[in-house]
Amino acid sequence: MKEKIEEVTALIQEQCLWQFFSRSWDREENIEGIMTMTGKILNGDKINLVTPVDKAFYSDAKFLAADIQKKMPWISELDKSGILELVEGVKNRLLYITVKKSRNCELNLSNY
Amino acid sequence: MPLKLFCCDECIPERQNHVYVKEEGEDTTQFLPLSNIETIPGSLSERGCSYCGAKLVIGGVIKDCIQMIHGPVGCAYDTWHTKRYPSDNDNFQLKYIWSSDTKEKHIIFGAEKQLKKAIKEAFKEFPEIKRMFVYTTCTTALIGDNPKAVCREIEEELGDVDIFVVECPGFAGVSQSKGHHELNIGWMRDKVGTLEPEITSKYTINVIGDYNIQGDTYVLQKYLDKMGIQVIAHFTGNVTYDQLRCMHRAKLNVVNCARSAGYIANELKRVYDIPRMDVDTWGFEYVKVALRKIGAFFGLEDKAEEVISEEVAKYEGKLAWYKERLKGKQICIWTGGPRLWHWTKALEDDLGMEVVAMSSKFGHQEDFEKVIARGRVGTIYIDDGNELEFFEVLESIHTDLILTGPRVGDLVKKLHIPYINGHAYHNGPYMGFEGAVNMARDMYNAIYSPMWSLAGKDPRVVDSPMWSLAGKDPSVVQEL
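Cut-offs and rules
Residues numbered from 1 in each chain as written. Chains lettered and ligands numbered in written order. Predicted model: local features only at pLDDT ≥ 70, side-chain atom pairs only at ≥ 80, totals over all residues. Helix = DSSP H or I, 4+ residues; strand = E, 2+ residues; numbered from the N terminus. Rg over C-alpha atoms; globule rule 2.2 N^0.38 Å. Buried ≥ 20, exposed ≤ 12 C-beta atoms within 10 Å, placed from the backbone. Contact = placed C-beta atoms within 7 Å. Pairing = 2+ DSSP bridges. Axes fitted to C-alpha atoms, helices over the stretch in contact; angles between N-to-C directions. Nonpolar A, V, L, I, M, F, W, Y, C, P; charged D, E, K, R; others polar. Right-handed = clockwise from strand over helix to strand, strands pointing away. Expected span 1.5 Å × (residues − 1). Arc of directions from axis to C-beta.

Visitor: Please clarify how the overall build of chain B should be interpreted in this entry.
Guide: Across its full length, chain B holds 21 helices and 14 strands. Whereas a compact globule of 480 residues would reach a radius of gyration of roughly 23 Å, chain B reaches 24 Å, a difference of no more than 12%. With the C-alpha coordinates of chain B rotated into their principal frame, the extents come out at 75 × 60 × 55 Å. Residues counted as buried form 55% of the 480 residues belonging to chain B. Across chain B, every contact between residues at least 6 apart in sequence was considered, and the portion connecting residues at least 24 apart equals 70%.

Visitor: What is the right way to read the overall build of chain A from this model?
Guide: Scanning chain A from terminus to terminus reveals 4 helices and 0 strands. Each helix (α) and strand (β) of chain A, taken in turn from the N terminus, gives the series α-α-α-α. A compact globule built from 112 residues would reach a C-alpha radius of gyration of about 13 Å, and chain A, at 14 Å, matches this within 12%. Along the first, second and third principal axes, the C-alpha atoms of chain A reach 45 × 35 × 20 Å. Counting all 112 residues of chain A, 38% fall into the buried class. Relative to all contacts within chain A whose residues are 6 or more apart in sequence, the contacts with residues 24 or more apart total 72%.

Visitor: Explanation requested: the sheet that holds strand β12 (residues 380-383) of chain B in the structure shown.
Guide: In a beta sheet, neighbouring strands pair by backbone hydrogen bonds and run either parallel or antiparallel. Residue and element names in this part refer to chain B. Strand order in the open sheet made by the 6 strands is β1-β12-β11-β10-β13-β14, with mixed pairing throughout. The sheet is open, and its two edges are formed by β1 (19-21) and β14 (419-421), each paired on a single side. Shown here is a sheet whose adjacent strand axes are inclined to one another by a mean of 15°, direction ignored. Note that strand β10 (residues 330-335) and strand β11 (residues 354-360) share 6 bridges and pair parallel. Looking across to β11, one finds that W334 is bridged to S359. Sitting on the sheet, helix α15 (residues 365-374) touches β11 and β12, and the angle it makes with β12 is about 170°.

Visitor: Whenever I open this one, the interface of chain A and chain B confuses me. Can you help?
Guide: Size of an interface, as often reported, equals the accessible area lost when the parts are brought together. Listed by partner, the interface residues are 23 residues for chain A and 28 residues for chain B. Taken together, the elements giving at least two residues each to the side of chain A that touches chain B come down to α1 (2-15) and α3 (52-71) of chain A. Top contributing element to the side of chain A that touches chain B by residue count: α3 of chain A, with 9 residues. Along the lines of polarity and charge, the residues of the side of chain A that touches chain B split into 11 nonpolar, 5 polar and 7 charged.

Visitor: Which parts of the structure should I look at to understand the pairing of strand β6 (residues 204-210) of chain B?
Guide: A regular strand carries its side chains on alternate faces of the sheet. Residue and element names in this part refer to chain B. Most of β6 is tucked away, with 7 of its 7 residues classed as buried. With 6 bridges joining them, β6 and strand β7 (residues 230-236) adopt parallel strand pairing. From the neighbouring strand, I205 faces β7, where its bridge partner is V231. Handedness of the crossover joining β6 and β7 through helix α9 (residues 216-226): right-handed.

Visitor: Quick question: what am I supposed to make of unusual backbone geometry here?
Guide: Apart from glycine, the bulk of residues carry a negative phi angle, and the bulk of peptide bonds sit in the trans form. All names here are of chain B. Backbone torsion omega between F235 and T236 reads 10°, so that peptide bond is classified as cis. A cis amide bond links G428 to the next residue, P429, at an omega of 5°. Within the secondary structure layout, P429 lies in the loop between β14 and α18 (432-448). A positive phi angle, close to 65°, is found at D90, a residue other than glycine. Its place among the elements puts D90 in the loop between α2 (73-77) and α3 (92-95). With phi around 50°, N238 is a residue other than glycine that occupies positive phi space. Note that N238 resides in the loop between β7 and α10 (241-245).

Visitor: Sorry if this is basic, but what is going on with α15 of chain B here?
Guide: Within an α-helix, residues lying three or four positions from one another point in the same direction, as the helix has 3.6 residues per turn. In terms of residue burial, α15 of chain B counts as a mostly covered element, since 10 of its 10 residues are buried. Turning to α15 of chain B, its buried residues number three or more, namely Q365, E366, D367, F368, E369, K370, V371, I372, A373 and R374 of chain B. Of the surrounding elements, those touching the buried residues of α15 of chain B are α1 of chain A together with α11 (258-272), α14 (338-351), β11 and β12 of chain B.

Visitor: Quick question: what am I supposed to make of α1 of chain A here?
Guide: Residues and elements named next belong to chain A. Relative to the 20 Å expected for 14 residues at 1.5 Å per residue, α1 spans 20 Å between its end C-alpha atoms, a close match to the ideal helical length. Restricting attention to buried positions, one finds in α1 the residues V8, T9, I12 and Q13. End-on, the buried residues of α1 take up no more than an arc of 140°, which puts them together on one face. In α1, those exposed residues whose orientation departs by more than 90 degrees from the buried face are E3 and E14.

In structure tokens form, the structure reads like this:
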């Protein structure tokens, strides 16, 4: 699983701008929202889009899920709990790189 | 050592923290260049100023405003006509420039009266124009003028005009980035929400951080029209002052240049709950992703696919022709900040090119996080590069082309290295599918042009290829 987490993290690092929003709270919100939505899409769960933010997360997640399915054939072999474990692992790795250990000095400024 | 100290910087060793060479297996938790901090004394920076960031990059694009620059006349000239962002109202914003033309006496006695006179004169000369941007500059900020008070007086006096003041003296901040910030936050504070738009579609967006450089906005607008999406405002390509006042009514903010305009997207999210979606509108493959994401947000996936199919059919073959000729070519991107991360992987994936060195004038660490994540191993990443460093980079790597601005462009032209204007383009637009082809064409023309090598030949030398190419008789040279 660790290798799979690293593979998906590498893909996101290279492709996705949402992990690099301006402030730590934006990044945390995006990582949580988009990765959770990606997990639901990959698991074929019912998705209920209530708020505009949900819809934005869904748009990014839909593209990411499709990219994962296209580039990582092993994804189809994971069961639901495997997908959830993968998603949680990727969330933690992204938070580590872009928030917790980020060297970006502007991440925690209180204003934009 | 991934952080690199150039030989030319030995006397300013602090520069080491601004230069990074990516190695295999590294990520940005280990190394991230310092950026958006003061230029180190001794480093010949090519940064612009806060006023330049506000006026030249963002405000000056707006097509129906008088752009009043409160300061000496030179400040006005230096942000006029240097960037080509057309408009569909006969390029009003490119044809004229206005200045309060402050002189020594105004510095001594105050320039507010002079500003008032200039504003009233400008409105009188352009009676059809009722909107104005006023920019402060170093001089008028230093003497403590209060342009906002002047403008409120004039608004009351004339009744039918609306004026926005940007406090952007050149000395504020560390680069033009401060001017982007001031304009974004000021506009959000003073103007967004002061007018209601006419809504013509249930799908509404703002396109943020696209400045219609050589028609970029027209390209994006065409795609969005086909998808049935209403653009409330482009921030700020081909836009009117009043359209920008209506930004609060969009359902989605689509952000391209997150550096110059991410602030207003963040504030629109904070204040009005409008989500921010960052996309790349440069790059053939990236544009597909951008349209698909916008389509997914509104449930317009089919419309997005229709646009993509139509455009791909038109331009895919052309791009492939250039790819055959550009793959493996090594290039440098020395621009402002965001184009580093917008372009590096796009050029690699779309055209097979290799970006070997990148320099950002005003990027923040967020931009370096993006570009290092997307960029290649072995590539040199520089913040606020100076000219001696550029020379040293060119000694250490091979490059077939440099994408940069006119200032550094002149430097590399003298070295006979092909150069493409990475700010205002050579022959754009560069955004969208057709833009990707235009950019490839310009790079092909630059790399394969014989002019660069011929420019290095001395015509007085008999065996110079310049003579044979021009069909001249080399013996003529004997008479010189």
